[in-house]
There are 2 protein chains.
Amino acid sequence: MSRTTGNADVFAAIADPTRRAILDLLSQGEQPVKQIAQPFSMSLPAISQHLSVLCEVKLVTQRKEGRQRFYRLNPEPLKQVFNWVSYYEQFWQDKLDVLGNYLEDNP
Amino acid sequence: MSRTTGNADVFAAIADPTRRAILDLLSQGEQPVKQIAQPFSMSLPAISQHLSVLCEVKLVTQRKEGRQRFYRLNPEPLKQVFNWVSYYEQFWQDKLDVLGNYLEDNP
DNA sequence: GTTTTAGTTAAGCAAACACTTAACTATTGT
DNA sequence: ACAATAGTTAAGTGTTTGCTTAACTAAAAC
């Protein structure tokens with residue numbers, strides 16, 4: 001299995017800026033849909049659909065309380081993104097090393 | 001400026017598994033298009049188009065040599081992804097802490 | 001100079017995406 | 001019971017995406 005396989009569609013889920021903003025919002029704590037929707041200039045169904053996408057890839061979980069649905073961040077799937085992108089850290093780190101060595105050799 | 005703004009479409013670029021695989025491939029070093037295309041069951045134009053997308057968000061650079069085009073990984077834009085996702089590290093770290101505290105309190 | 005080789009660009013297409021409005025379900029308040 | 005509130009589901013639409021094949025450009029080889 002390659003490094004890329006199995007990441008499913010978490011990458012696709014966070015490709016949308018609105019969904020990333022929703023995750024950022026939920027990092028403050030769980031919130032009902034209306035409150036989530038408030039900062040966005042977008043219909044409520046649109047937000048609901050974005051939440052469905054996030055739900056499907058398990059980036060959020062749902063809790064029902066009365067007629068409200070509280071959505072909560074579930075960060076675990078982001079580990080896949082973190083792991084994938086972390087691999088590339090060495091490359092910009094390497095570049096820093098090159099610069100560092102250059103500065104050492106040319107004081 | 002929110003944490004999400006300015007990430008441009010790097011997130012969209014890496015949403016596609018083929019493009020992630022291409023980046024993985026190029027992490028081994030620069031390669032001409034034909035060599036990049038080889039592991040994929042996809043037409044050459046398809047790969048060329050994927051490379052264009054990666055080029056547009058500056059995740060790869062091009063070098064022309066004879067009739068070959070060598071593509072090289074440029075990891076810098078991935079920092080945006082790294083920075084965004086790193087913020088969430090605390091949340092799965094926090095969960096570990098919660099577990100850690102629980103284990104401490106319940107030896 | 002014609003033919004390979006390497007690759008991009010053009011045109012077209014089916015599927016997916018990000019919305020919208022309208023209709024629906026379920027809970028709460030009167 | 002009835003209306004208001006919270007949210008989802010359905011249906012429709014314009015745009016974007018990921019591919020294809022065919023036509024093109026440019027360098028190399030013969």
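Preceding this paragraph is the structure being described.
Some details on the overall build of chain A
Right, so step 1: Within chain A, the regular secondary structure consists of 6 helices and 3 strands.
Right, so step 2: When the helices and strands of chain A are listed from N to C terminus, the series reads α-α-β-α-α-β-β-α-α.
Right, so step 3: Each of the 107 residues in chain A was classed as buried or not, and the buried ones make up 42%.
Right, so step 4: Considering only intrachain contacts with a sequence separation of at least 6, the fraction spanning at least 24 residues in chain A is 54%.
Right, so step 5: With the model as given, the accessible surface of chain A reaches about 6,300 Å², and the carbon-plus-sulfur share is 50%.

Points about the protein's contact with DNA strand C
Right, so step 1: Around DNA strand C lies a shell of 24 residues, among which Ser43 and His50 of chain A together with Lys34, Ser48 and Tyr71 of chain B are the nearest.
Right, so step 2: Of what DNA strand C places within 4 Å of the protein, 68% of the atoms are sugar or phosphate.
Right, so step 3: Contact distances for DNA strand C include 3.0 Å between a phosphate oxygen and a backbone N or O atom of Val33 of chain B.
Right, so step 4: Here a phosphate oxygen of DNA strand C sits 2.4 Å away from a polar atom, N or O, in the side chain of Ser48 of chain B.
Right, so step 5: Within the residue set of the surface near DNA strand C, elements represented by two or more residues are helix H2 (17–26) and helix H4 (44–56) of chain A together with helix H3 (33–37), helix H4 (44–56) and strand E3 (68–73) of chain B.
Right, so step 6: When grouped by side-chain class, the residues that make up the surface near DNA strand C number 8 nonpolar, 9 polar and 7 charged.

A word on the interface of chain A and chain B
Right, so step 1: Each partner contributes to the interface: chain A provides 32 residues, whereas chain B provides 32 residues.
Right, so step 2: Summing the contributions of chain A and of chain B, the shared interface buries around 2,800 Å²; its carbon and sulfur component is 70%.
Right, so step 3: Counting every contact that joins chain A to chain B gives 8 residue pairs in polar contact (both at pLDDT 80 or more).
Right, so step 4: Put simply, the parts of the chain that give the side of chain A that touches chain B at least two residues each are helix H1 (10–13), H2, helix H5 (78–86) and helix H6 (89–105) of chain A.
Right, so step 5: When the residues that make up the side of chain A that touches chain B are grouped by side-chain class, the tally is 19 nonpolar, 6 polar and 7 charged.

Rules behind the numbers
Residues numbered from 1 in each chain as written. Chains lettered and ligands numbered in written order. Predicted model: local features only at pLDDT ≥ 70, side-chain atom pairs only at ≥ 80, totals over all residues. Heavy atoms only, no water. Helix = DSSP H or I, 4+ residues; strand = E, 2+ residues; numbered from the N terminus. Buried < 20%, exposed > 50% of the residue type's maximum accessible area, 1.4 Å probe, protein only. Contact = heavy atoms within 4.5 Å. Areas by Shrake-Rupley, 256 points an atom, 1.4 Å probe, with all protein chains shown as cover. Near = heavy atom within 4 Å. Polar contact = N/O pair within 3.5 Å; in protein donor to acceptor, adjacent residues only side chain to side chain. Nonpolar A, V, L, I, M, F, W, Y, C, P; charged D, E, K, R; others polar. Buried area = accessible area lost by both parts, 1.4 Å probe.

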